[in-house]
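# Close look at the chain arrangement
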Amino acid sequence: MAVETAAYSELTDIQRDIIEMVRQFADEQIIPNAEHYDHEDSFPEPIVEQMKELGLFGVTIPEEYGGMGLDLTTYAMIVEELSRGWISISGVVNTHFIGSYLLMKFGTDEQKDHFLPKMATGEIRAAFSLSEPEVGSDVQGIKATAKKGEDGAWELNGQKMWVTNGLGSSVVFVLMKTDPKADPPYKGMTCFITEKEPWKEVNEGDFAGLTVPPKIKKMGYKGVESTELVYDGYKCPPERVLGGEEAGVGEGFVQMMDALEVGRVNVAARGVGIAQRALELALRYSQERKTFGKPIAQHQAIQFKLADMATKIEAARLLTRKAARMKDAGERSDLEAGMAKLLASETGKECVEECFRIHGGYGYSKEYEIERLYRDAPLLLIGEGTSEIQRMVIGKKLLQRHKI
Ligand SMILES: Cc1cc2nc3c(=O)[nH]c(=O)nc-3n(C[C@H](O)[C@H](O)[C@H](O)COP(=O)(O)OP(=O)(O)OC[C@H]3O[C@@H](n4cnc5c(N)ncnc54)[C@H](O)[C@@H]3O)c2cc1C
């Protein structure tokens with residue numbers, strides 16, 4: 001007699017409902033409009049407004065601050081669905097999510113009370129800034145500085161680069177050098193919560209000294225702006241050192257690297273989402289397009305491409321969810337987050353390329369969605385640490401865990 005077993009499902013009821021809602025949102029609101037905003041390279045304001053209504057800016061923020069209080073795993077599932085629609089949409093929430101993580105984990109009570117309720121509704125959005133014109137991978141090499149003045153405020157000076165949401169954000173979590181003599185350098189770095197006027201290039205009054213140059217022109221990842229930020233005598237009050245002065249000065253590097261770990265899971269989810277969309281487009285096109293008297297999906301070479309894509313996506317999705325679940329369970333997940341980011345971003349790029357090949361000449365035409373995906377996917381190989389850097393992280397952690 002067969003033993004009755006429950007149907008296999010790795011989602012909770014809440015996760016299933018939320019995923020269904022976000023998938024529908026992506027199908028109805030994001031995918032049909034992405035081409036327009038991509039073409040214009042304009043901020044998708046109406047889509048973002050609807051995301052606020054759906055509560056998507058407060059997914060991981062605790063309910064006491066007005067958020068949904070959900071875990072990283074559920075968040076990663078949401079990001080996958082948004083990225084399946086358009087990775088720029090997940091870019092609008094990504095740095096915001098990292099900022100809220102920093103506040104929840106390291107912020108003082110006053111900082112949490114001040115920022116989290118407004119962040120949960122999306123009333124204010126956050127950016128996250130490590131990179132500089134001469135520094136990306138080697139974060140310990142940053143040059144921007146913060147110096148404490150006689151009035152107690154910190155004066156911030158220096159140039160930051162590639163700040164996603166650099167113009168539209170109201171708050172930027174920025175890493176500055178506070179002790180240039182520190183050895184190793186990372187011990188002399190501090191994270192400041194810098195406030196600014198959203199969508200304003202030149203800030204004045206309390207936020208004077210922070211300017212946002214024109215947005216950087218990019219091959220893809222349009223719609224969400226990437227900018228430089230110039231701090232020139234910007235005054236940051238001592239209570240805006242992340243975690244407070246006593247606990248936070250000199251801790252910025254460690255805090256921001258911790259946040260990058262969740263950020264990597266988030267980028268991994270974006271890789272899975274864009275790869276999934278590429279597979280969907282490839283499945284449809286390959287059954288419509290005919291060559292040599294039959295749909296190209298009936299040629300074994302094309303079926304093998306579809307098979308490899310689907311297999312890699314499933315592997316990347318499982319690894320991404322494993323890294324997220326480990327983090328949610330309070331376990332160390334730096335190795336798994338690095339692996340997930342590496343596998344999923346490379347899978348995103350590979351699947352997009354295979355889908356492009358399956359489209360033949362039409363893949364090169366702006367008439368087809370795959371053309372946008374082809375320009376968007378490479379970003380995931382770079383942001384939150386390149387594939388080379390992920391391999392360095394994975395290799396180092398492996399050796400640490402298996403020391404003889
Ligand atoms: C669209 C976009 C949005 C971004 N958003 C943000 C953001 O919001 N906030 C932020 O702080 N940053 C952001 N970044 C910056 C991003 O994090 C960096 O570009 C990335 O970390 C790589 O740094 P880099 O560009 O300086 O490359 P580099 O560090 O100069 O690296 C160049 C090449 O050398 C390789 N390399 C470097 N060091 C080693 C090594 N030790 N061994 C082997 N190979 C190595 C790299 O893998 C890469 O292939 C964004 C970038 C882009 C393109």
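See the structure above.
Let us look at the structure shown here. Nothing here was measured: the structure is a model prediction, and the numbers come from that model.

## So, empty space enclosed by the protein
Per the counting criterion, the structure on display carries two cavities of 30 Å³ or more. Reported here for the largest cavity is a volume of approximately 50 Å³. What lines the largest cavity is simply Leu-56, Phe-57, Gly-58, Val-59, Thr-60, Tyr-75, Val-93, His-96, Phe-97 and Ser-100. Per-element tally for the lining of the largest cavity: the top contributor is helix α4 (residues 87-106), with four residues. A class-by-class count of the residues in the lining of the largest cavity yields six nonpolar, four polar and no charged. Computed from the structure, the second largest cavity encloses a volume of approximately 30 Å³. Ala-76, Met-77, Glu-80, Val-272, Arg-317, Thr-320 and Arg-321 together form the lining of the second largest cavity. Secondary-structure elements contributing two or more residues to the lining of the second largest cavity are α3 (72-85) and α8 (300-328).

## Brief notes about the site of the ligand
The ligand sits among 19 residues. The nearest are Ser-137, Trp-162, Thr-164, Thr-386 and Glu-388. Within the backbone of Phe-128, a nitrogen or oxygen atom sits 2.8 Å from a nitrogen atom of the ligand. Between the ligand and Leu-130 there is a distance of 2.8 Å, counted from an oxygen atom to a backbone nitrogen or oxygen. When the ligand is considered free in solution it has 970 Å² of accessible area, and contact with the protein chains removes 63% of it. Those elements giving two or more residues to the shell around the ligand turn out to be β1 (126-129), β3 (154-164), α11 (379-382) and α12 (387-401). With three residues, the top contributor of residues to the shell around the ligand is β3. Looking at side-chain class alone, the shell around the ligand contains nine nonpolar, eight polar and two charged residues.

Parameters at a glance
- Residues numbered from 1 in each chain as written.
- Predicted model: local features only at pLDDT ≥ 70, side-chain atom pairs only at ≥ 80, totals over all residues.
- Heavy atoms only, no water.
- 1 Å grid on protein atoms, 1.4 Å probe; cavity = no way out; pocket = protein on both sides within 12 Å on 5 of 7 lines; lining within 4 Å.
- Points joined across faces, edges and corners; volume = space filled by probe spheres on them.
- Helix = DSSP H or I, 4+ residues; strand = E, 2+ residues; numbered from the N terminus.
- Nonpolar A, V, L, I, M, F, W, Y, C, P; charged D, E, K, R; others polar.
- Near = heavy atom within 4 Å.
- Polar contact = N/O pair within 3.5 Å; in protein donor to acceptor, adjacent residues only side chain to side chain.
- Areas by Shrake-Rupley, 256 points an atom, 1.4 Å probe, with all protein chains shown as cover.

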